[in-house]
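# Geometric and topological summary
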Amino acid sequence: MLLTDLPFTPSELILLNGDRFAPEVEKDGHQLLCSDGMVDGHYLAVMMIAAAFLANEEMKALSFELSAKPKGLFTSTRKYSLQIKPMGQPPNWNGYTLESAVLFSAGQLFSVQGDYSVRNIVYTVLLENRARPWEKVIEFVEWGLATSNWLMPVEGDATKAFQTPFICPVKVQELAFAQPLSPIKQLFSMCKKSTPEVWKQLLAEIDLGLKDRIEK
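The paragraphs below set out a description of the structure included in this document. Since we're looking at a predicted model, the values are computed, not measured.

### Focus on unusual backbone geometry
Positive phi, normally seen in glycine, also occurs at Leu127, with a value near 70°. Locating Leu127 in the fold gives a position in the loop between helix 4 (118-126) and helix 5 (134-147). Using a relative accessible area of 64% as the deciding quantity, one classes Leu127 as exposed. One non-glycine residue, Asn149, lies in the positive phi region at around 65°. Structurally, the position occupied by Asn149 is in the loop between helix 5 and strand 5 (152-153). Relative accessible area serves as the criterion here: at 68%, Asn149 is assigned to the exposed category.

### Thoughts on empty space enclosed by the protein
By the definition in use, this model includes 3 cavities of 30 Å³ or more. In this structure, the largest cavity spans a volume of roughly 70 Å³. Those elements giving two or more residues to the lining of the largest cavity turn out to be helix 3 (98-111), helix 4 and helix 5. Of the residues belonging to the lining of the largest cavity, the class tally is 8 nonpolar, no polar and 1 charged.

Scoring rules and cut-offs
Residues numbered from 1 in each chain as written. Predicted model: local features only at pLDDT ≥ 70, side-chain atom pairs only at ≥ 80, totals over all residues. Heavy atoms only, no water. Helix = DSSP H or I, 4+ residues; strand = E, 2+ residues; numbered from the N terminus. Buried < 20%, exposed > 50% of the residue type's maximum accessible area, 1.4 Å probe, protein only. 1 Å grid on protein atoms, 1.4 Å probe; cavity = no way out; pocket = protein on both sides within 12 Å on 5 of 7 lines; lining within 4 Å. Points joined across faces, edges and corners; volume = space filled by probe spheres on them. Nonpolar A, V, L, I, M, F, W, Y, C, P; charged D, E, K, R; others polar.

Structural data, given as C-alpha coordinates:
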(Lines give C-alpha, C1' and ligand atoms only; values in the text may rest on other atoms or scores of the structure.)
Protein backbone atom coordinates (compact mmCIF):
# COMPACT_ATOMS: atom_id res chain seq x y z
CA MET A 1 0.00 0.00 0.00
CA LEU A 2 1.27 3.45 -0.95
CA LEU A 3 1.48 6.24 1.61
CA THR A 4 -1.02 8.22 -0.47
CA ASP A 5 -3.58 5.43 -0.01
CA LEU A 6 -3.76 6.01 3.75
CA PRO A 7 -6.49 8.26 5.21
CA PHE A 8 -3.87 10.54 6.78
CA THR A 9 -0.50 11.72 5.53
CA PRO A 10 2.56 10.90 7.68
CA SER A 11 2.74 14.43 9.12
CA GLU A 12 -0.98 14.37 9.96
CA LEU A 13 -0.68 11.01 11.64
CA ILE A 14 2.26 12.22 13.72
CA LEU A 15 0.20 15.22 14.86
CA LEU A 16 -2.78 13.05 15.80
CA ASN A 17 -0.49 10.65 17.68
CA GLY A 18 1.77 13.34 19.10
CA ASP A 19 2.61 11.52 22.32
CA ARG A 20 4.07 8.66 20.28
CA PHE A 21 6.60 10.90 18.56
CA ALA A 22 7.50 13.74 20.95
CA PRO A 23 8.42 13.90 24.65
CA GLU A 24 5.84 15.13 27.12
CA VAL A 25 6.26 18.51 28.81
CA GLU A 26 4.36 20.18 31.62
CA LYS A 27 3.98 23.64 30.05
CA ASP A 28 4.66 25.77 26.97
CA GLY A 29 4.15 22.86 24.61
CA HIS A 30 1.55 21.56 22.19
CA GLN A 31 -1.75 20.49 23.75
CA LEU A 32 -2.61 17.12 22.22
CA LEU A 33 -5.77 16.94 20.13
CA CYS A 34 -6.67 13.30 20.73
CA SER A 35 -5.63 12.78 24.33
CA ASP A 36 -4.80 14.65 27.50
CA GLY A 37 -1.31 15.93 27.96
CA MET A 38 1.20 18.20 26.30
CA VAL A 39 4.30 17.49 24.22
CA ASP A 40 7.36 19.42 23.11
CA GLY A 41 5.96 21.43 20.20
CA HIS A 42 9.29 22.19 18.51
CA TYR A 43 10.33 18.54 18.61
CA LEU A 44 6.96 17.46 17.25
CA ALA A 45 7.17 19.97 14.39
CA VAL A 46 10.66 18.72 13.46
CA MET A 47 9.35 15.15 13.28
CA MET A 48 6.35 16.21 11.19
CA ILE A 49 8.51 18.09 8.68
CA ALA A 50 11.04 15.24 8.52
CA ALA A 51 8.22 12.81 7.78
CA ALA A 52 6.92 15.09 5.02
CA PHE A 53 10.33 15.14 3.29
CA LEU A 54 10.95 11.43 3.72
CA ALA A 55 7.45 10.51 2.54
CA ASN A 56 8.06 12.42 -0.69
CA GLU A 57 11.39 10.66 -1.09
CA GLU A 58 9.68 7.30 -0.54
CA MET A 59 7.18 8.24 -3.26
CA LYS A 60 10.13 9.11 -5.54
CA ALA A 61 9.05 12.73 -5.79
CA LEU A 62 12.37 14.11 -4.55
CA SER A 63 15.92 13.10 -3.80
CA PHE A 64 18.45 14.27 -1.22
CA GLU A 65 21.90 15.51 -2.12
CA LEU A 66 24.38 16.14 0.67
CA SER A 67 26.80 18.76 -0.58
CA ALA A 68 29.86 20.17 1.12
CA LYS A 69 30.18 23.90 1.50
CA PRO A 70 33.56 25.58 0.89
CA LYS A 71 35.75 25.73 3.97
CA GLY A 72 35.95 29.06 5.70
CA LEU A 73 39.14 31.08 5.68
CA PHE A 74 39.80 30.46 9.37
CA THR A 75 38.34 26.99 9.84
CA SER A 76 39.24 23.48 8.77
CA THR A 77 35.79 22.12 9.58
CA ARG A 78 33.75 21.32 6.51
CA LYS A 79 30.06 22.21 6.65
CA TYR A 80 27.34 20.49 4.68
CA SER A 81 24.03 21.41 3.12
CA LEU A 82 21.18 19.03 2.31
CA GLN A 83 19.80 19.95 -1.09
CA ILE A 84 16.41 18.78 -2.38
CA LYS A 85 15.91 17.87 -6.02
CA PRO A 86 12.28 17.41 -7.16
CA MET A 87 11.81 14.51 -9.57
CA GLY A 88 9.03 12.52 -11.20
CA GLN A 89 5.32 13.10 -10.76
CA PRO A 90 4.15 14.78 -7.54
CA PRO A 91 2.28 12.28 -5.34
CA ASN A 92 -1.46 12.63 -5.00
CA TRP A 93 -1.43 13.91 -1.44
CA ASN A 94 -4.83 14.81 -0.09
CA GLY A 95 -5.52 18.54 -0.25
CA TYR A 96 -3.77 21.00 2.00
CA THR A 97 -0.86 19.04 3.49
CA LEU A 98 2.67 19.61 4.73
CA GLU A 99 3.84 16.96 2.26
CA SER A 100 2.50 19.04 -0.63
CA ALA A 101 3.88 22.28 0.84
CA VAL A 102 7.50 21.15 1.17
CA LEU A 103 7.44 19.62 -2.31
CA PHE A 104 5.93 22.75 -3.85
CA SER A 105 8.47 25.05 -2.16
CA ALA A 106 11.33 22.76 -3.18
CA GLY A 107 10.14 22.88 -6.80
CA GLN A 108 9.82 26.67 -6.77
CA LEU A 109 13.28 27.21 -5.31
CA PHE A 110 14.85 24.59 -7.58
CA SER A 111 13.29 26.14 -10.71
CA VAL A 112 14.78 29.57 -10.03
CA GLN A 113 18.18 28.11 -9.09
CA GLY A 114 17.82 29.46 -5.59
CA ASP A 115 18.86 27.96 -2.30
CA TYR A 116 16.88 24.72 -2.31
CA SER A 117 18.34 23.35 0.90
CA VAL A 118 16.09 21.78 3.51
CA ARG A 119 16.79 24.77 5.75
CA ASN A 120 15.59 27.29 3.18
CA ILE A 121 12.59 25.18 2.16
CA VAL A 122 11.42 25.07 5.78
CA TYR A 123 11.99 28.82 6.08
CA THR A 124 9.95 29.40 2.91
CA VAL A 125 7.07 27.16 3.96
CA LEU A 126 6.68 29.01 7.27
CA LEU A 127 6.14 32.36 5.46
CA GLU A 128 6.35 34.52 8.58
CA ASN A 129 8.36 35.10 11.75
CA ARG A 130 6.86 34.11 15.09
CA ALA A 131 7.83 33.83 18.73
CA ARG A 132 7.32 30.06 18.41
CA PRO A 133 7.60 29.05 14.73
CA TRP A 134 6.70 25.43 15.46
CA GLU A 135 3.14 26.61 16.11
CA LYS A 136 2.84 27.59 12.43
CA VAL A 137 3.68 24.04 11.37
CA ILE A 138 1.08 22.55 13.67
CA GLU A 139 -1.55 25.12 12.68
CA PHE A 140 -0.88 24.41 9.00
CA VAL A 141 -1.50 20.70 9.45
CA GLU A 142 -4.50 21.28 11.71
CA TRP A 143 -6.17 23.49 9.11
CA GLY A 144 -5.38 20.91 6.46
CA LEU A 145 -7.17 18.29 8.53
CA ALA A 146 -10.05 20.71 9.03
CA THR A 147 -10.42 21.29 5.28
CA SER A 148 -10.72 17.53 4.90
CA ASN A 149 -13.40 17.55 7.62
CA TRP A 150 -11.30 15.50 10.04
CA LEU A 151 -11.17 18.35 12.60
CA MET A 152 -13.75 20.90 13.69
CA PRO A 153 -12.61 24.48 14.42
CA VAL A 154 -13.59 25.83 17.84
CA GLU A 155 -15.30 29.17 17.35
CA GLY A 156 -17.16 31.83 19.28
CA ASP A 157 -18.00 31.27 22.93
CA ALA A 158 -16.91 27.65 22.67
CA THR A 159 -13.26 28.75 22.74
CA LYS A 160 -13.61 29.31 26.48
CA ALA A 161 -14.50 25.66 27.06
CA PHE A 162 -11.69 24.05 25.04
CA GLN A 163 -7.92 24.08 25.44
CA THR A 164 -7.31 23.43 21.73
CA PRO A 165 -8.39 25.47 18.66
CA PHE A 166 -9.83 22.34 17.05
CA ILE A 167 -11.94 19.40 18.14
CA CYS A 168 -11.06 15.92 16.95
CA PRO A 169 -14.30 13.86 16.83
CA VAL A 170 -14.25 10.46 18.51
CA LYS A 171 -14.61 8.60 15.22
CA VAL A 172 -11.61 10.44 13.79
CA GLN A 173 -9.60 9.68 16.92
CA GLU A 174 -10.46 6.01 16.63
CA LEU A 175 -9.45 6.01 12.96
CA ALA A 176 -6.17 7.77 13.73
CA PHE A 177 -5.33 5.40 16.58
CA ALA A 178 -6.16 2.40 14.37
CA GLN A 179 -3.59 3.37 11.74
CA PRO A 180 -0.25 1.56 11.88
CA LEU A 181 2.61 3.85 12.78
CA SER A 182 5.23 1.41 11.55
CA PRO A 183 5.38 2.89 7.99
CA ILE A 184 6.34 6.29 9.45
CA LYS A 185 8.81 4.84 11.93
CA GLN A 186 10.28 2.82 9.09
CA LEU A 187 10.84 6.00 7.06
CA PHE A 188 12.87 7.35 9.97
CA SER A 189 14.77 4.15 10.72
CA MET A 190 15.66 3.46 7.08
CA CYS A 191 17.09 6.94 6.60
CA LYS A 192 18.93 6.76 9.91
CA LYS A 193 20.47 3.37 9.14
CA SER A 194 21.13 3.60 5.39
CA THR A 195 22.16 7.27 5.18
CA PRO A 196 23.00 8.46 8.71
CA GLU A 197 24.66 11.64 7.42
CA VAL A 198 21.49 12.61 5.55
CA TRP A 199 19.36 11.87 8.63
CA LYS A 200 21.57 14.00 10.86
CA GLN A 201 21.66 16.88 8.39
CA LEU A 202 17.90 16.66 7.72
CA LEU A 203 17.03 17.11 11.40
CA ALA A 204 19.67 19.82 11.87
CA GLU A 205 18.43 21.89 8.93
CA ILE A 206 14.77 21.55 9.89
CA ASP A 207 15.72 22.77 13.36
CA LEU A 208 17.63 25.71 11.88
CA GLY A 209 14.85 26.55 9.43
CA LEU A 210 12.42 26.81 12.31
CA LYS A 211 14.80 28.90 14.40
CA ASP A 212 15.45 31.24 11.46
CA ARG A 213 11.78 32.24 11.78
CA ILE A 214 11.94 33.24 15.43
CA GLU A 215 10.93 36.86 15.86
CA LYS A 216 13.92 39.01 16.65
